[in-house]
Amino acid sequence: VEKMLRTPYGQVYQLSRDQLTYMKPRDLDGTPIARLRESDPYWESGWASLDRFLDREAEEERLKREYRAEQLRKPDDKAVAKACRRHRDNVSKHRKIREIFGHNTPYHPNQLVAKENLPLGGLVEMDVMYKMACKITDLRALQAHGKLAMDPWDFLRWRVIKKARESCVFPWEKLGDVIKSIVLRIGDDSGLDGAERFEDSLFRKAILEAAKIQCTLNRYGAKKVHKPSPSFSESLVPRVGPVSPLPPPPPTFNRTSGPADPEPAREQNERSQRETTRSERRQAEANRTPIYQGVNAYRAQMEQRR
């Protein structure tokens, strides 16, 4: 990574004799060195206007204020909240794009590569320009700390051109077919199949180094791991987790006669209660204090005991 960052400008770029256009890299051949203007002969009429895009920032600022006020009046309205977030994000992107590609800056997105290597409409798109602007900001941090030899814009162009040339593996492929994808993903490490053709691992390491300097590493998480769906055989394997309580055991049956009959047990209980009642009554009579009722009553009692 350090060797890449120390690469001198003259090792990658070569200018024309009049010092007005690039000759090398070859995918930049014929591109003006000075910032492109829409009145220049190099400009293509089918390209989207950067000037008009920059002028829309004021409109986005107005919409942001209006939807914010509407959100305060209708805090539960999801559509208003969504519109408020969209215009807030647009304003943030406009500000960053103006910082790098504004009227008084030396860069134009359509000078990233030669015009024959651009998509038909050019690169004046919000998300594409915002990605480039963020990368240039990161590279400026490396340059300010003496770690980057080139100008940040020249370094970004070099790495994008190099990756675009590597990505065109078939003779019929053109840089214009892949250039947007590379700009959007060059600093990623997604781990997705086929995405590595648009990603530059060395460039990502440089961006991570810049993030350390700026204390913004939290913006760059670990690559996402996409787990495949389980196969049919895997779905049959029981999951490990808390075990639900077992249901109560079923009633015990006699294998020959079926369920136990409750009637004998009920009769036995009733008999036991009757015997207890008789015993208690005899005990009460024995403990009772005898009362004298005369000779005849005494004789009758003695006869009963015999």
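Residues numbered from 1 in each chain as written. Predicted model: local features only at pLDDT ≥ 70, side-chain atom pairs only at ≥ 80, totals over all residues. Heavy atoms only, no water.

### Some points on the overall build of the protein chain
When you go through the protein chain residue by residue, the secondary structure sums to 12 helices and 4 strands. By residue count, 35% of the 306 residues in the protein chain fall in the buried class. Across the protein chain, contacts joining residues at least 24 apart in sequence account for 63% of those joining residues at least 6 apart. Of the roughly 21,300 Å² of accessible surface on the protein chain, 52% is carried by carbon and sulfur atoms. (Helix = DSSP H or I, 4+ residues; strand = E, 2+ residues; numbered from the N terminus. Buried < 20%, exposed > 50% of the residue type's maximum accessible area, 1.4 Å probe, protein only. Contact = heavy atoms within 4.5 Å. Areas by Shrake-Rupley, 256 points an atom, 1.4 Å probe, with all protein chains shown as cover.)

### A few points about the packing of helix α6 (residues 126–144) against helix α9 (residues 201–214)
Helix packing for two helices is described by the angle between their axes and how far apart those axes are. Between α6 and α9, the least distance of the axes is 8 Å, while the angle of their chain directions is 70°. Overall, the two elements α6 and α9 adopt an arrangement that is roughly perpendicular. Remark: the crossing between α6 and α9 carries left-handed chirality. Contact with α6, carried on its side by K135, T137, D138, L139, A141 and L142, involves F203, A206, I207, E209, A210, I213 and Q214 of α9 and no other residues of that element. Taken together, the residues of the contact of α6 with α9 sort by class into 8 nonpolar, 2 polar and 3 charged. (Axes fitted to C-alpha atoms, helices over the stretch in contact; angles between N-to-C directions. Parallel < 35°, antiparallel > 145°, perpendicular 65-115°, else oblique. Left-handed = near helix turned anticlockwise from the far one by under 90°. Nonpolar A, V, L, I, M, F, W, Y, C, P; charged D, E, K, R; others polar.)

### Looking at the confidence of the model for the protein chain
Per-residue confidence for the protein chain gives a mean pLDDT of 81, with 72% of residues at or over 70. This stretch, residues 224–247, has a pLDDT under 50; its non-local contacts, to residues over four places away or in other chains, come to 3 contacts. Segment residues 289–293 is flagged for pLDDT under 50; beyond a separation of four residues in sequence, or across chains, it makes 0 contacts in the model. (pLDDT = per-residue confidence, 0-100.)

### Comments concerning the environment of G30
Residue position: G30 is located in the loop between β2 (22–24) and α3 (50–55). Put simply, G30 and L15 are 15 residues apart on the chain and 9.3 Å apart in space, counted from C-alpha to C-alpha. Beyond its immediate sequence surroundings of up to four residues, G30 is in contact with T21, Y22 and Y42.

### Digging into a positive patch on the surface
On the surface, a cluster of positive charge is contributed by R68, K82, R85, R86 and R88. Per-element accounting of the positive patch gives the leading share, 4 residues, to helix α5 (residues 78–101). With respect to the element layout, R88 can be found in helix α5. (Patch = residues over 30% accessible without salt bridge, like charges linked within 9 Å, V, L, I, M, F, W, Y side chains within 5 Å. Salt bridge = Lys/Arg side-chain N within 4 Å of Asp/Glu carboxyl O. Lys, Arg positive; Asp, Glu negative; His and termini not counted. Charge placed at Lys NZ, Arg CZ, Asp CG, Glu CD.)

### Quick notes on the packing of helix α7 (residues 152–167) against helix α8 (residues 175–185)
Interaxial distance between α7 and α8 falls to 9 Å at its minimum, and their mutual angle equals 125°. Judged by the angle between their axes, α7 and α8 are oblique. The interaxial crossing formed by α7 with α8 has right-handed handedness. When α7 is examined against α8, the residues V160, K163, A164, R165 and S167 are found in contact with a partner set consisting of L175, V178, I179, I182 and V183. Looking at the contact of α7 with α8 residue by residue, the classes come out as 7 nonpolar, 1 polar and 2 charged.

### A short note on the environment of R56
As for its placement among the helices and strands, R56 is situated in the loop between α3 and α4 (57–73). Owing to a relative accessible area of 45%, R56 belongs among the partly exposed residues under this scheme. Here the alpha-carbon distance between R56 and H94, two residues 38 residues apart in the chain, equals 8.5 Å.

### Let's talk about α5
Compared with the 34 Å implied by 1.5 Å per residue over 24 residues, the 34 Å span of α5 between its first and last C-alpha is a close match. For α5, the side-chain oxygen to backbone nitrogen distance between the N-cap and A79 is 3.1 Å, and the N-cap itself is D77. (Expected span 1.5 Å × (residues − 1). Polar contact = N/O pair within 3.5 Å; in protein donor to acceptor, adjacent residues only side chain to side chain.)

### What about the nonpolar core?
Counting residues in hydrophobic clusters, the biggest one holds 52 residues, and the most contacted among them are F101, L112 and F155. Elements that contribute at least two residues to this core include exactly α1 (2–5), α3, α5, α6, α7, α8 and α9. The greatest single-element share of this core, amounting to 8 residues, is contributed by α6. With near-sequence residues (within four places) excluded, L112 lies in contact with L28, L123, M132, W153, R157, V160, I161, I179 and V183. (Core = buried A, V, L, I, M, F, W, Y, C linked by side-chain atoms within 4.5 Å.)

### Remarks on the packing of aromatic side chains
On inspection of all chains with the given rule, the structure shows 8 aromatic pairs. With centroids separated by 5.2 Å and ring planes inclined at 90°, the aromatic side chains of W43 and W47 adopt a geometry described as edge-to-face. Each member of the pair, W43 together with W47, is buried. Residues F155 and W158 carry aromatic rings whose centres are separated by 5.7 Å and whose planes lie at 75° to one another, so their mutual orientation is edge-to-face. (Phe/Tyr/Trp six-rings, centres within 6.5 Å; stacked < 30°, edge-to-face > 60°.)

### Section: the pattern of salt bridges
Inspection of the entire model under this criterion finds 17 salt bridges. Residue R165 pairs with D27 through a salt bridge whose shortest N-O separation is 2.5 Å. You can see R165 sitting in helix α7 and its partner D27 sitting in the loop between β2 and α3, a full 138 residues away along the chain. Taking relative accessible area as the criterion, R165 reaches 33% and is therefore assigned partly exposed. Residue classification places D27 among the buried positions, given a relative accessible area of 7%. When the shortest N-O distance is used, the salt bridge between K180 and E125 registers 2.4 Å. Highlighted residues: K180 in helix α8 and E125 in the loop between α5 and α6, separated in sequence by 55 residues. Of the residues examined, E125 reaches a relative accessible area of 34% and is grouped as partly exposed. One connected set of salt bridges, linked through shared partners, spans E59, R62 and E66.

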